[in-house]
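Descriptive analysis of the structure
Listed below are the residues making up each chain.
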Amino acid sequence: MEEKDRTLGLRSVVSISVGLVIATSCLVSLGQGAGSIGVVFIGAMVIACLLNMTTVASLSELNA
């Protein structure tokens with residue numbers, strides 16, 4: 001079997017770079033919040049995640 005040369009195109013590199021910038025800003029804000037408030041911040045993020053999941057479920061139901 002021949003192995004194909006796998007290269008990243010310009011579009012892939014740009015999307016990876018944008019994704020890293022967005023993920024870094026999210027992680028920095030999570031770290032700052034957890035550092036200043038403490039463990040309560042993690043609970044607040046879990047509650048926010050659950051609320052977002054219900055919104056996504058509702059929107060996917062509307063889309064279907």
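Worth saying up front: this structure is predicted, and the values here are computed from it rather than measured.

**What about the overall build of the chain?**
A count of helical and extended segments in the chain gives 2 helices and 0 strands. Taking 11 Å as the expected radius of gyration for a compact globule of 64 residues, we find that the chain reaches 19 Å, considerably beyond that expectation. Oriented by its inertia axes, the alpha-carbon framework of the chain measures out at about 55 × 40 × 25 Å. By residue count, 3% of the 64 residues in the chain fall in the buried class. With the model as given, the accessible surface of the chain reaches about 6,000 Å², and the carbon-plus-sulfur share is 68%.

**Considerations on helix α1 (residues 10-37)**
Given 3.6 residues per turn, any residue in an α-helix points the same way as the ones three and four places further on. Between its first and last C-alpha, α1 extends 41 Å over 28 residues, near the 40 Å set by a 1.5 Å rise per residue. The positive-phi residue at the C-terminal boundary of α1 is G38, with phi of around 110°.

**Let's talk about the environment of C26**
Among the secondary structure elements, C26 is positioned in helix α1. Assessed through its relative accessible area of 43%, C26 is described here as partly exposed. In this structure, the C-alpha to C-alpha distance between C26 and S12, residues 14 residues apart in sequence, is 21 Å.

**Things to note about a nonpolar patch on the surface**
Where nonpolar side chains cluster on the molecular surface, the patch consists of V39, I42, V46, L50 and M53 and spans about 510 Å² of accessible area. Along the chain, L50 falls in helix α2 (residues 39-63).

**Structural notes on the packing of α1 against α2**
The interhelical angle for the contact between α1 and α2, taken along N-to-C directions, is 135°, at an axis separation of 6 Å. When the axis of α1 is compared with that of α2, the two are oblique. Contacts between α1 and α2 involve S29, L30, G33, A34 and I37 from the first element and V39, V40, F41 and M45 from the second. Among the residues forming the contact of α1 with α2, the class breakdown is 7 nonpolar, 2 polar and no charged.

What counts as what
- Residues numbered from 1 in each chain as written.
- Predicted model: local features only at pLDDT ≥ 70, side-chain atom pairs only at ≥ 80, totals over all residues.
- Heavy atoms only, no water.
- Helix = DSSP H or I, 4+ residues; strand = E, 2+ residues; numbered from the N terminus.
- Rg over C-alpha atoms; globule rule 2.2 N^0.38 Å.
- Buried < 20%, exposed > 50% of the residue type's maximum accessible area, 1.4 Å probe, protein only.
- Areas by Shrake-Rupley, 256 points an atom, 1.4 Å probe, with all protein chains shown as cover.
- Expected span 1.5 Å × (residues − 1).
- Patch = residues over 30% accessible without salt bridge, like charges linked within 9 Å, V, L, I, M, F, W, Y side chains within 5 Å.
- Salt bridge = Lys/Arg side-chain N within 4 Å of Asp/Glu carboxyl O.
- Axes fitted to C-alpha atoms, helices over the stretch in contact; angles between N-to-C directions.
- Parallel < 35°, antiparallel > 145°, perpendicular 65-115°, else oblique.
- Contact = heavy atoms within 4.5 Å.
- Nonpolar A, V, L, I, M, F, W, Y, C, P; charged D, E, K, R; others polar.

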